[in-house]
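Observations on the model geometry
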There are 2 protein chains.
Amino acid sequence: MTFDNMSGWVKIAGLGPGDAALVTPEVMAALAEATDVVGYIPYVARIAPRPGLTLHPSDNRVELDRAGHALQMAAAGGRVVVVSSGDPGVFAMASAVFEALEAHPEYADVPIAVLPGITAMLAAAARAGAPLGHDFCAINLSDNLKPFDLVLRRVRLAAEGDFAMGFYNPRSASRPHQFGQVLAALREAGAGPRLITFARAVSTPEERLLTVTVDQATEDMADMRTVVLVGNSATRRVGNYVYTPRSA
Amino acid sequence: MTFDNMSGWVKIAGLGPGDAALVTPEVMAALAEATDVVGYIPYVARIAPRPGLTLHPSDNRVELDRAGHALQMAAAGGRVVVVSSGDPGVFAMASAVFEALEAHPEYADVPIAVLPGITAMLAAAARAGAPLGHDFCAINLSDNLKPFDLVLRRVRLAAEGDFAMGFYNPRSASRPHQFGQVLAALREAGAGPRLITFARAVSTPEERLLTVTVDQATEDMADMRTVVLVGNSATRRVGNYVYTPRSA
């Protein structure tokens, strides 16, 4: 597999949480070489237009179609960057591209690379202090592609193991009340006294952080642009920071 | 808290896994403003010397002393960057700095910021494909600061919840056989058929990736420079890639 510019390729690139200062040079270099950029509308909107670059914004929930389109353009010689916010390997486009590759063996020879980025959970943790400073679980709370029972089961096991946790997609307009069930599951598992941080739109002008206990948390503290960080039983405050000691 | 250059500060910065193309512009800007850099010897060795910058490399296992030194220099007006490899909030220096702050309330007014980086687990996942493409746990296998029983307990719960997993510090010269116990715990939990990727020194000239099943894995496949990625029950190969579908 080669990534010279004599033939097509797909690079699945993480744009980080929002601030351009959190985009890696590797991702910027891929964008500079690209002929095409595909991705969800608000992520493609972050790419500066230039001659020779075609932007292909698409709607949410069409990830497989978008991934197939990227492979098709690359097979035809395009240098295609698939953009995700955060890290493409964490609840983002990388898995969708490999699912599309599995469904379309005719694209088996297209070179594919995943370019990591700063994922929302870790950007949020950095802003809060170090709440994920020891063992942690990352859980996507959306039941769009899996049963909600599995979400609750994983939350309970993570609490039982005294893991810290990062929750993606905690709440949306179409499922306003499931996050309340997650909070209830945490309380039932004895995690009520733990610290929980709601981090919204980290590294953008709309950034807002709120830390309370799980007992104090309410479902309206989260929305679609929030990642939620739950500490383990040793997570605590020092000054304005929230951190988990290395020994927990 | 301000980060103007009229007074001291501490920025805890993630250098990523090794390749300079994976260091964020935010981290490069902090290094350009710094008067002092502290960190573990091989990480400080990655910083280019320049006039006005003092490098303070220190040995492994002195994280708290190093953190206290950073706060002390910042309180005296220094602009101090504490360097970690990967992301400082993931099994790295951020928690150590907050532990030191808790122990030294005289430094409460020192501005502190955490600058995220590409953590080894996600850099490794990107190289492999997307093995952490759905819910996953990050577990530090070292018993340097916690009982090994807690490590095994978390591995078992993560397997029971069908989480993918990323293991840091899987094995060292001083504990050559604990990783074998982790592999045994995975097999006992029914995870023997799952894919496991050993990713060594990702993004450096010594990079090496090996994917086998947990049943096929042996403890000598890991060393101090390896992160280990365990898939969930749906993780599979497509071409040369390993990925976890979004629906798992």
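Reading the values: rules and limits
Residues numbered from 1 in each chain as written. Chains lettered and ligands numbered in written order. Predicted model: local features only at pLDDT ≥ 70, side-chain atom pairs only at ≥ 80, totals over all residues. Heavy atoms only, no water. Buried < 20%, exposed > 50% of the residue type's maximum accessible area, 1.4 Å probe, protein only. Helix = DSSP H or I, 4+ residues; strand = E, 2+ residues; numbered from the N terminus. Least-squares fit on C-alpha atoms with pLDDT ≥ 70 in both. Contact = heavy atoms within 4.5 Å. Phe/Tyr/Trp six-rings, centres within 6.5 Å; stacked < 30°, edge-to-face > 60°. Lys NZ or Arg CZ within 6 Å of the ring centre and 35° of its normal. Domains from an automatic or database assignment. Buried area = accessible area lost by both parts, 1.4 Å probe. Salt bridge = Lys/Arg side-chain N within 4 Å of Asp/Glu carboxyl O. Polar contact = N/O pair within 3.5 Å; in protein donor to acceptor, adjacent residues only side chain to side chain. Axes fitted to C-alpha atoms, helices over the stretch in contact; angles between N-to-C directions. Parallel < 35°, antiparallel > 145°, perpendicular 65-115°, else oblique. Left-handed = near helix turned anticlockwise from the far one by under 90°. Nonpolar A, V, L, I, M, F, W, Y, C, P; charged D, E, K, R; others polar. UniProt positions renumbered as here; feature names shortened; annotations may be inferred. 1 Å grid on protein atoms, 1.4 Å probe; cavity = no way out; pocket = protein on both sides within 12 Å on 5 of 7 lines; lining within 4 Å. Points joined across faces, edges and corners; volume = space filled by probe spheres on them.

1. Overview of helix 5 (residues 120-128) of chain B
Residue and element names in this part refer to chain B. Of all nine residues that make up helix 5, seven are buried, and the element is covered over most of its length. Regarding helix 5, the residues found buried are Met 121, Leu 122, Ala 123, Ala 124, Ala 125, Ala 126 and Ala 128. Once helix 5 ends, the next one or two residues include Gly 129, with phi positive near 140 degrees.

2. Concerning the relation of the copies chain A and chain B
After a rotation of 180 degrees and a shift along the axis of 0.0 Å, chain A superposes on chain B with an RMSD of 0.0 Å. Taken together, the rotation and translation relating the two chain copies correspond to the operation of a two-fold axis. No C-alpha of chain A approaches the rotation axis more nearly than that of A:Cys137, which lies at 2.0 Å. Of the residues that chain A buries at the interface, 100% are likewise interface residues in chain B, meaning the two copies contact each other through the same surface.

3. Things to note about the packing of aromatic side chains
Throughout the structure, instances matching the rule amount to 10 aromatic pairs over all chains. Each ring, one from A:Phe98 and one from B:Tyr241, has its centre 4.8 Å from the other, and the planes form 40 degrees; the classification is tilted. Here A:Phe98, found in helix 4 (residues 93-103), pairs with B:Tyr241, found in strand 13 (residues 241-243), and the two come from separate chains. Of the two residues examined, A:Phe98 and B:Tyr241, each falls in the buried class. Here the aromatic cluster, defined as three or more aromatic residues joined through ring pairs, consists of A:Phe98, B:Tyr241 and B:Tyr243. Over the ring of A:Trp9 we find A:Lys11; its NZ or CZ atom is 4.4 Å from the centre of that ring. Its guanidinium or amino end placed over the ring of A:Phe163, B:Arg154 lies 5.5 Å from that ring's centre, counting from NZ or CZ.

4. As for the domain arrangement of chain A
Residues and elements named next belong to chain A. Per the domain assignment, the segments of chain A are domain 1 (9-118) and domain 2 (121-243). The C-alpha centroid of domain 2 is placed 28 Å from the C-alpha centroid of domain 1. Across the boundary between the two partners, domain 1 contributes eight residues, which contact 10 residues of domain 2. Summed over both sides, the interface between domain 1 and domain 2 buries roughly 710 Å², with carbon and sulfur atoms accounting for 63% of that surface. Together, Pro 17, Arg 61 and Phe 91 form the three largest contributors to the area buried by domain 1 at its contact with domain 2, with a combined 62%. Counting across the interface, domain 1 meets domain 2 through zero salt bridges. Our count for the contact surface shared by domain 1 and domain 2 stands at three residue pairs in polar contact (both at pLDDT 80 or more).

5. Concerning unusual backbone geometry
One non-glycine residue with positive phi stands out, namely A:Arg61, at about 65 degrees. Residue placement: A:Arg61 occurs in the loop between strand 3 (54-58) and helix 3 (63-75). Backbone geometry at B:Asn169 places phi at a positive 50 degrees, although glycine is not the residue there. The topology assignment puts B:Asn169 in the loop between strand 8 (164-168) and helix 7 (178-188).

6. Topic: the packing of helix 6 (residues 148-160) of chain B against helix 7 of chain B
Residue and element names in this part refer to chain B. At a minimum axis distance of 9 Å, the contact between helix 6 and helix 7 shows a crossing angle of 30 degrees. Considered as vectors, helix 6 and helix 7 are oriented roughly parallel to each other. Considering the relative orientation of helix 6 and helix 7, their crossing is right-handed. Residues Phe 148, Val 151, Leu 152, Val 155, Arg 156 and Ala 159 of helix 6 form the contact with helix 7, whose participating residues are Gln 178, Gln 181, Val 182, Ala 185 and Leu 186. Its residues assigned to classes, the contact of helix 6 with helix 7 shows eight nonpolar, two polar and one charged.

7. Examining the UniProt feature "domain: Tetrapyrrole methylase" (unreviewed entry) in chain A
UniProt tags residues 12-217 of chain A as "domain: Tetrapyrrole methylase" (unreviewed entry). When the span residues 12-217 of chain A is considered, its composition is 34% helix and 23% strand, and the gap between its end C-alpha atoms is 36 Å.

8. Some thoughts on the interface of chain A and chain B
Reports often express the size of an interface as the amount of accessible area lost when the parts come together. Contacts between the two partners involve 65 residues from chain A, matched on the other side by 65 residues from chain B. Overall, the association of chain A and chain B removes approximately 5,700 Å² of surface from exposure, summing both partners, and the carbon and sulfur fraction of that is 59%. Taken as a group, A:Arg154, A:Tyr241 and A:Arg246 account for 14% of the area that chain A buries against chain B, more than any other trio of residues on that side. At the boundary of chain A and chain B, one finds 10 salt bridges.

9. Looking at the pattern of salt bridges
Evaluated as defined, the whole model comprises 22 salt bridges over all chains. Notably, a salt bridge pairs B:Lys146 with A:Asp135, separated by 2.4 Å at the nearest N-O pair. Within this pair, whereas B:Lys146 is found in the loop between strand 7 (136-140) and helix 6, its partner A:Asp135 is found in the loop between strand 6 (129-130) and strand 7 (136-140), the two belonging to separate chains. Pair check on accessibility: B:Lys146 and A:Asp135 agree, each one buried. A salt bridge links B:Asp135 to A:Arg154; the shortest N-O distance between them is 2.8 Å. Here A:Arg154 lies in helix 6 (residues 148-160) and B:Asp135 lies in the loop between strand 6 (129-130) and strand 7, a pairing that spans two chains. Each member of the pair, B:Asp135 together with A:Arg154, is buried. Salt bridges sharing common partners tie together A:Glu63, A:Glu99 and B:Arg246.

10. What to know about empty space enclosed by the protein
The final tally for this structure, using the stated rule, is one cavity of 30 Å³ or more. Roughly 40 Å³ of internal volume is contained in the largest cavity. Taken together, A:Val114, A:Pro116, B:Leu22, B:Ala123, B:Ala126, B:Arg127, B:Val202 and B:Ser203 form the lining of the largest cavity. When residues of the lining of the largest cavity are assigned to their parent elements, the largest contribution, three residues, is made by helix 5 of chain B. The residue makeup of the lining of the largest cavity, split by class, is six nonpolar, one polar and one charged.

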